[in-house]
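# Coordinates in review
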Amino acid sequence: MPVAMAGGSSGGGRVLDCRSFWKAGSYEAPAAPTHGFQDALETGDFDRARVHPKFLHTNATSHKWAFGAIAELLDNAVDEISNGATFIRVDKTINSKDNSPMLLFQDDGGGMDPEGVRRCMSLGFSTKKSKTTIGQYGNGFKTSTMRLGADAIVFTCAIRGSNVTLSIGLLSYTFLRRTMKDDIVVPMLDFKIQDREIVPLVYGSQGDWDSSLKIILDWSPFSSKEELLQQFQDVGSHGTKVAVYNLWMNDDGLLELDFEDDDEDILLRDQGSASGGVTKGQKEIVQQHISHRLRFSLRAYTSILYLKKFDNFQIILRGKPVEQICITDELKFKKVVTYKPQVTHDSQVVSVRVDVGFAKEAPILGIFGMNVYHKNRLIMPFWKVFQEGSSRGRSVVGVLEANFIEPAHDKQDFERTPLFLRLEARLKQIIIDFWKEKCHLIGYQPTDPNLRSQYKATLKDSGGSASHVHHKNSSSRRTGGFSSNLLPETYDDVAAAGFPNNGSHLQSTGQAQENNMDSEGLDEDLVEIGSSGIFDPNFMEKLSEENLALFSRREELRQRDTQLKQTIEDLERELEETKRKCGQLAAELKVRKNHQHLHHR
């Protein structure tokens, strides 16, 4: 039997009894009546593939992570840049029927005409009589919206030639479940602008149009046709607005998405536990770190979601634009390595740029990992090619755009094809080579014999103890974390690493400039990662003190910046109020002058 479902009489209050996403698909589907097949034969619908509503939920499980679903919707808006889109707005709004939160996406792209919106929304069909309502193209919209909530409604306006159309579509898992549908029915409404008036655009019969309107009013957050049309007022002449409602909850009955803790962000509940940090100060830095925050902060995640910075496009999250961060700008002692994978035997040689360097917090925090993009979109953030626990490769961060391999369906990973495995092996070698060449610049014992002798002489002069150093290094390896944009650069020259700058090799390796190394083939001989790196404790303590001081200073500057912004806002309000009063006084003065002029006449 189907799972029992509760809900109020209003459409916005009609919700599934099970509000947890990972449990909402566990129900017994009703069997299709035998006479339904005969009806399908008579109406010509038998040739159509039937898609059960349960597939909506099954399909959405491709997104293990809610932010992955949001990223899919952001991608749709970014794709509209070529059609003139300048923003995508992500915000919280309220369902007026039951006062529950809704997740809103709105862009000013080219919008969708009636045919386009059907391709976007339909897995089945909107009415059984209109063949124009079949949709078999694209899957991202369905998987992403259904991963975030049980229901979604779309408003889109488009200009095609001289025609201006407005379309509304409802994809409602709640409606399909509660009405026991055995097909995915997607009610849609279309309008056109005619003589500056909005008039219905009917493709099938008027009865079908009226039926779609009734379903949308019964099961959406809107109670009348006028309310529906009001949603187009801020869309303009072209663009799309998507509202996802009946948002999924966790096992504790709380919304997966947290709108309350930060009014300028959307957070993932229960995802912000700290990792690493051997001191309270270090834990505070880790918790504020981009690589930690991206797991639960939508603002942090979207800040690095796209590799190239947009020229004329903004992601506006809860009223505040997201500041894009380029990870390569945050690296110390950066080096550029060129990787040339052999994609196929007869294909042209592909050249991939790999930026690799030390994180700014190196070596205080063990932040490391490769950030792999595909066609400008982040697929794997801070991918740990090596597992934690080794000193070699510590604090090494890399960035590359791997367009020669295809991402998995949810765009959060790559399929483990031979091509991907060769990439993984090559990245391991790149990290090892970089570590051997430059690890001494962040205080580790050099692997080069000449540098090592100079390093030991430096330790001897400073009174360092080998056993003490090794003990400190073992403790430091327990420090977790990833890469960051939070702290200013420090120790970007050889002198800061505690070496006399009197050797040509030191001068060349101490420069924070880009170097190029061509790899003609694929070196798949993996090097065993050891734990023999030795760290200077004096250097460690000095860096730790300075990083903590910088962190404290940063917090002071952030508070001061907030205060200054508030002061500016207050002054701007006062200025507007003064302008308003001046305008009123000017208007009164003009009236008096006119009155006096008439009186003298």
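We now turn to the structure provided with this report. Keep in mind it's a predicted model, so treat the numbers as computed, not measured.

To continue, consider the environment of Ala425. Note on placement: Ala425 falls in helix 12 (residues 418-438). Separated by 40 residues in sequence, Ala425 and Val385 place their C-alpha atoms 8.6 Å apart.

Counting 96 residues, the largest nonpolar core has Leu103, Phe105, Ile153 and Leu228 as its most contacted members. With nine residues, helix 3 (residues 66-79) is the single largest residue contributor to this core. Here Phe105 is in contact with Ile70, Leu73, Ile88, Arg89, Val90, Leu148, Thr240, Lys241, Val242 and Val244, once residues within four sequence places are set aside. Judged by nonpolar contacts, the second largest core, of 34 residues, contains Phe333, Val337, Cys439 and Tyr444.

Let us now look at the sheet that holds strand 3 (residues 149-160). An order of 6-5-4-3-7-2-1-10-11 is seen for the nine strands of this open sheet, with the pairing classed as mixed. Two strands lie at the open edges of the sheet, namely strand 6 (197-200) and strand 11 (320-321), each paired on one side alone. Examined bridge by bridge, strand 5 (residues 188-194) and strand 6 share four bridges and lie antiparallel to one another. Bridging from a neighbouring strand, Gln194 pairs with Glu197 of strand 6. Together, strand 1 (87-94), strand 2 (101-107) and strand 10 (314-317) form the strand contacts of helix 3, whose direction differs from that of strand 2 by roughly 25 degrees.

It is worth spelling out helix 12 at this point. Taking 1.5 Å per residue as the helical rise, helix 12 with its 21 residues ought to reach 30 Å, and the 30 Å between its terminal C-alpha atoms agrees with that figure. With 15 of 21 residues buried, helix 12 lies mostly within the body of the structure.

Time to look at unusual backbone geometry. Peptide bonds are trans in most cases, and residues, glycine excluded, mostly fall at negative phi. Residue Pro363 follows Ala362 across a cis peptide bond; omega there is 0 degrees. Note on placement: Pro363 falls in the loop between strand 13 (352-359) and strand 14 (369-374). You will see that Asn99, though not glycine, has its phi angle at about 60 degrees, which is positive. Note on placement: Asn99 falls in the loop between strand 1 and strand 2. Backbone geometry at Asn376 places phi at a positive 80 degrees, although glycine is not the residue there. Within the fold, Asn376 resides in the loop between strand 14 and strand 15 (377-383). With a relative accessible area of 16%, Asn376 lands in the buried category.

How each quantity is defined
Residues numbered from 1 in each chain as written. Predicted model: local features only at pLDDT ≥ 70, side-chain atom pairs only at ≥ 80, totals over all residues. Heavy atoms only, no water. Helix = DSSP H or I, 4+ residues; strand = E, 2+ residues; numbered from the N terminus. Core = buried A, V, L, I, M, F, W, Y, C linked by side-chain atoms within 4.5 Å. Buried < 20%, exposed > 50% of the residue type's maximum accessible area, 1.4 Å probe, protein only. Contact = heavy atoms within 4.5 Å. Pairing = 2+ DSSP bridges. Axes fitted to C-alpha atoms, helices over the stretch in contact; angles between N-to-C directions. Expected span 1.5 Å × (residues − 1).

By themselves, these figures tell us nothing about what the structure is for.
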